[in-house]
Amino acid sequence: MKVVKDILYKVNINAVQGSTEVLINTIQFDSRKIQPNDLFVAQKGLIFDGHKFINTAIEFGAKVIVCEEFPTDFVANITYIKVEDSNEALAIMAANFYDNPSSKLKLIGITGTNGKTTIATLLYELFQKAGFKTGLLSTVTIFVDNQQFDATHTTPDSLAINSYLNIMVEVGVDFCFMEVSSHGIHQKRTAGLHFEGGVFTNLTHDHLDYHATFKEYRDVKKSFFDNLPKTAFSLVNIDDKNASVMLQNTAAKKYTFALKTMADYKARILENQFTGLFLAINNNEVWTKLIGSFNAYNLVAVYGVSQLLGLESTEALTLISELENVTGRFQHFSSTEEITAIIDYAHTPDALKNVLETINDIRTGNEQVITVVGCGGNRDKAKRPVMGRIASQLSTQVIFTSDNPRNEDPQTIINEIEAGVDPQNYKKTLSVLDREQAIKTATKLAKKGDIILIAGKGHETYQEVKGKRSHFDDYEKISQLLKAIEN
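Not measured: the values here are computed from a predicted model. (Residues numbered from 1 in each chain as written. Predicted model: local features only at pLDDT ≥ 70, side-chain atom pairs only at ≥ 80, totals over all residues. Heavy atoms only, no water.)

### Topic: a nonpolar patch on the surface
Thinking step 1. On the surface, a nonpolar cluster with roughly 520 Å² of combined accessible area is contributed by Leu46, Ile47, Phe48 and Phe53.
Thinking step 2. Within the secondary structure, Phe53 sits in the loop between β5 (39–41) and α2 (54–59).
Thinking step 3. A relative accessible area of 32% places Phe53 in the partly exposed class. (Patch = residues over 30% accessible without salt bridge, like charges linked within 9 Å, V, L, I, M, F, W, Y side chains within 5 Å. Areas by Shrake-Rupley, 256 points an atom, 1.4 Å probe, with all protein chains shown as cover. Salt bridge = Lys/Arg side-chain N within 4 Å of Asp/Glu carboxyl O. Helix = DSSP H or I, 4+ residues; strand = E, 2+ residues; numbered from the N terminus. Buried < 20%, exposed > 50% of the residue type's maximum accessible area, 1.4 Å probe, protein only.)

Structure follows, in structure tokens:
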């Protein structure tokens, strides 16, 4: 149990009603999980307002309420703490509750539109191979050394973050690599954490369903670097025009990586094939198993972080040559009929463009590139026609289909994607509402040597329709269909 006043350290408090000497068992922000002697944090969310559940939390046994607005009536023997920002208060209290575990290991945050999962995962694998106990907090999965947990959000809630970090400290983890999303930053989930360093990958059109403007989206990312301590490092992709913005107000030590520009960590692509990338990183040649210019950026970022964390250069490059593709990120295989299938999480215009340009750079020109792609429902609508235009420009054939339509009409989403297709590319496009049928259609269209790209879902193993999730795995589905052709 913890004394409330001890976990309030650094929380911006406006008023207190009751005693802060109370002992609590744990912190909760979901009133349904409250047990006797818990502390309940009332947060204002996009859908629900936790303040409406304060009385429910008290009925379930909460002894302390943290909120932005006091209720009209106080319940006897309950402590009420009014704070400036409940999200921030929750994050700081969570860190204090677990004795600030992020300060007891080296925590590196990776942010940007594309590449977060790949860089964080590759760093985890590299440092594991180097003999360190390492942690990973990513979209795909969570690792505490070799123990794996399921991931539910790009950036978990602040209680979960600190709980996992605390477990990492208990088992002696040295480094933790963490995806940091714009949602997570904006919702203050990373407040109270001590970062050893931050990495900026790039910034392109995404999440404008959540952020009102691109500037707001950019500035949220920037705030992560603004809050880094002077003891930390900031490593940014200087080829991206927004990199200088990230560094404007940071106190952290500044470093850069690039493919096109002079930088502290510079990579050149010597060869780019389906078998891998041959790179020169700071003039040292290395063959890697990853593919495409976007992965060249990811790998040079990984190399840069390895150097900033003290790994010897030759060892780092040797380990980089052993790294494998991350699940759902340009994950590919070839059937016995020599049809190449590629599964990629590309769900933004820039990511889709990068993947298709990589495929077109590698192929001979005699093969078809058949792309299966959709856009998620209840998400940024502005990117839909852009995705349609890019897919139809850079593919031989495109099949527009469903991708987690959620609570939207799937056909409406496809219509909005098709609106971006240029007239000269109309004949290249098909619309197949059911995703399984769309993938099946792609396999029927494909001939020996052709390439099928299934974009948008990557590592996801579900399809969400009208609020319900059912099992669906792009990799599993295309594997079954191509195997059936072989037989």
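Next, the rest of the story.
### Structural notes on the pairing of strand β12 (residues 175–179)
Thinking step 1. Across the five residues that make up β12, a large majority, five, are buried.
Thinking step 2. Of the two faces of β12, the one holding Phe175, Phe177 and Glu179 and the one holding Cys176 and Met178 are both buried throughout.
Thinking step 3. As paired strands, strand β8 (residues 106–111) and β12 are joined by five bridges and run parallel to one another. When the bridges of β12 are listed, Lys106 appears paired with Phe175.
Thinking step 4. Where strand β9 (residues 134–137) lies against β12, four bridges are found, and the strand directions are parallel. (Pairing = 2+ DSSP bridges.)

### Some points on the packing of helix α9 (residues 293–308) against helix α10 (residues 313–320)
Thinking step 1. Their axes nearest at 10 Å, the elements α9 and α10 cross at an angle of 145°. Crossing geometry of α9 relative to α10 is assigned as right-handed. Of the residues in α10, those in contact with Leu299, Val302, Tyr303, Ser306 and Gln307 of α9 are Ser313, Ala316, Leu317 and Ile320.
Thinking step 2. Of the residues contributing to the contact of α9 with α10, the split by class is six nonpolar, three polar and no charged. (Axes fitted to C-alpha atoms, helices over the stretch in contact; angles between N-to-C directions. Left-handed = near helix turned anticlockwise from the far one by under 90°. Contact = heavy atoms within 4.5 Å. Nonpolar A, V, L, I, M, F, W, Y, C, P; charged D, E, K, R; others polar.)

### Some words on the sheet that holds strand β2 (residues 13–17)
Thinking step 1. Across the sheet, five strands lie side by side as β2-β7-β6-β5-β4; this open sheet has mixed pairing. The sheet is open, and its two borders are formed by β2 and β4 (27–28), each paired with just one other strand.
Thinking step 2. Where strand β6 (residues 64–67) meets strand β7 (residues 79–83), four bridges bridge the pair, whose relative direction is parallel. Pairing of Val64 across the sheet is with Thr79, part of β7.

### Quick look at the pattern of salt bridges
Thinking step 1. Counted under the stated rule, the structure contains 20 salt bridges.
Thinking step 2. In this structure, a network of salt bridges that share partners links the residues Lys381, Arg384, Glu408 and Glu416.

### A look at the layout of surface pockets
Thinking step 1. The volume enclosed by the second largest pocket comes to roughly 610 Å³.
Thinking step 2. Within the residue set of the lining of the second largest pocket, elements represented by two or more residues are α3 (86–97), α6 (182–186) and α7 (214–226).
Thinking step 3. For the lining of the second largest pocket, the leading source of residues is α3, giving four residues.
Thinking step 4. Its residues placed into classes, the lining of the second largest pocket shows 11 nonpolar, 10 polar and three charged. (1 Å grid on protein atoms, 1.4 Å probe; cavity = no way out; pocket = protein on both sides within 12 Å on 5 of 7 lines; lining within 4 Å. Points joined across faces, edges and corners; volume = space filled by probe spheres on them.)

### Quick look at the pairing of strand β25 (residues 462–465)
Thinking step 1. Here β25 pairs with strand β26 (residues 468–471) via four bridges, running antiparallel. Counterpart to Glu464 in the pairing with β26 is Arg469.
Thinking step 2. Taken together, β25 and the strand that follows it, β26, pair antiparallel across an intervening segment of two residues, in which Lys466 is found at a positive phi of about 50°.

### Focus: unusual backbone geometry
Thinking step 1. If you check the backbone angles, Asn283 has positive phi at about 70° while not being a glycine.
Thinking step 2. Mapped onto the elements, Asn283 comes out in the loop between β17 (276–281) and β18 (284–288).
Thinking step 3. A positive phi angle is found at Asn404, which is not glycine, with a value near 50°.
Thinking step 4. Mapped onto the elements of the fold, Asn404 is located in the loop between β22 (397–400) and α13 (410–418).
Thinking step 5. Relative accessible area serves as the criterion here: at 1%, Asn404 is assigned to the buried category.

### Focus: the packing of aromatic side chains
Thinking step 1. Within this structure, the stated rule accounts for 17 aromatic pairs.
Thinking step 2. Centroid distance Tyr124 to Phe143: 5.0 Å. Interplanar angle 20°. Geometry classified as stacked. Note that Tyr124 is positioned in helix α4 (residues 116–129) and Phe143 in strand β10 (residues 141–144), a separation of 19 residues in sequence.
Thinking step 3. The class of Tyr124 is buried, set by a relative accessible area of 6%.
Thinking step 4. Using a relative accessible area of 18% as the deciding quantity, one classes Phe143 as buried.
Thinking step 5. The ring centre of Tyr462 lies 5.0 Å from the NZ or CZ of Lys457, which sits over that ring. (Phe/Tyr/Trp six-rings, centres within 6.5 Å; stacked < 30°, edge-to-face > 60°. Lys NZ or Arg CZ within 6 Å of the ring centre and 35° of its normal.)

### A word on the sheet that holds strand β11 (residues 147–150)
Thinking step 1. If you walk across this open sheet you meet the 11 strands as β11-β10-β9-β12-β8-β13-β14-β15-β16-β17-β18, and the pairing is mixed. What marks the edges here is a single partner per strand, and that holds for β11 and β18. If you compare each strand with its neighbour and ignore which way they point, the axes differ by 20° on average.
Thinking step 2. Relative to β17, strand β16 (residues 265–273) runs antiparallel, the two sharing six bridges. Bridge pairing links Asn272 to Leu277 in β17.

These results come straight from atomic positions and should not be treated as a statement about function.
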